[in-house]
Amino acid sequence: MVKHISHIGIAVKDLDAGIEFYKKLGLELEAVEEVPSQMVKVAFFPCGDTRIELLAPTSEESPVAKFIEKKGEGIQHLAFAVDDLPAALQESSDKGITLIDKQPRPGAHHADIAFLHPKSSMGVLIELCKEKH
């Protein structure tokens, strides 16, 4: 089902400060985009075969804002690339994994995404994504 780690999502309060920090590490900013459906603005940094994805909330109602309020800034999710997202969701459900999303939805970087509930994955929010290149 899983092909590789697509990206690591890191929740930040200040996107510009996050971008500057990762630039200091020598990573190159690939893109910044807003995902209105998720109420976030994101920045991507390629790192080998994966990306670092910084997520800054654009609304206090954003799941990322609620994450920061509860846990502080830091790793918010781990995203795995899959070839067939609907099939991966069905397979996950069949194996007893609790789904947050029963159907794929549009995400950042032109990907379709869906989340697995952290209660099923030892507290880690898992994103499954179908990358579009």
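Residues numbered from 1 in each chain as written. Predicted model: local features only at pLDDT ≥ 70, side-chain atom pairs only at ≥ 80, totals over all residues. Heavy atoms only, no water.

1. Quick notes on the environment of Phe 67
Then, number 1: Topologically, Phe 67 is positioned in helix H2 (residues 63-71).
Then, number 2: Considered as a pair, Phe 67 and Pro 57 are ten residues apart in the sequence and their alpha carbons are 9.8 Å apart.
Then, number 3: Among residues more than four places away in sequence, those in contact with Phe 67 are Ala 11, Gly 72, Gly 74, Ile 75 and Gln 76. (Helix = DSSP H or I, 4+ residues; strand = E, 2+ residues; numbered from the N terminus. Contact = heavy atoms within 4.5 Å.)

2. Concerning the layout of surface pockets
Then, number 1: Estimated volume of the largest pocket: approximately 730 Å³.
Then, number 2: Those elements that place two or more of their residues in the lining of the largest pocket are strand E1 (2-11), strand E3 (40-47), strand E4 (50-57), H2, strand E5 (74-82), strand E7 (112-116) and strand E8 (126-130).
Then, number 3: Take the lining of the largest pocket: its biggest share by element is six residues, from H2. (1 Å grid on protein atoms, 1.4 Å probe; cavity = no way out; pocket = protein on both sides within 12 Å on 5 of 7 lines; lining within 4 Å. Points joined across faces, edges and corners; volume = space filled by probe spheres on them.)

3. Considering the side chain of Thr 50
Then, number 1: Within the secondary structure, Thr 50 is located in strand E4.
Then, number 2: A polar contact of 2.9 Å, which involves the side chain of Thr 50, links it to the backbone oxygen of Ser 6.
Then, number 3: Apart from the residues within four sequence positions on either side, Thr 50 is in contact with Ile 5, Ser 6, His 7 and Phe 45. (Polar contact = N/O pair within 3.5 Å; in protein donor to acceptor, adjacent residues only side chain to side chain.)

4. Considerations on the state of the cysteines
Then, number 1: Scanning all chains against the criterion turns up zero disulfides.
Then, number 2: Considering cysteine sulfurs only, Cys 129 is the nearest to Cys 47, which forms no disulfide, with 16 Å between them. (Disulfide = S-S within 2.5 Å.)

5. Details of the nonpolar core
Then, number 1: Core analysis: the biggest nonpolar cluster contains eleven residues, these being Ile 10, Val 12, Leu 15, Ile 19, Tyr 22, Leu 27, Ala 43, Phe 45, Ile 52, Leu 54 and Ala 56.
Then, number 2: Sorting the residues of this core by element identifies helix H1 (15-24), E3 and E4 as the ones contributing at least two each.
Then, number 3: If near-sequence neighbours (up to four positions away) are discounted, Tyr 22 is found in contact with Ile 10, Leu 27, Phe 45, Ile 52 and Leu 54. (Core = buried A, V, L, I, M, F, W, Y, C linked by side-chain atoms within 4.5 Å. Buried < 20%, exposed > 50% of the residue type's maximum accessible area, 1.4 Å probe, protein only.)

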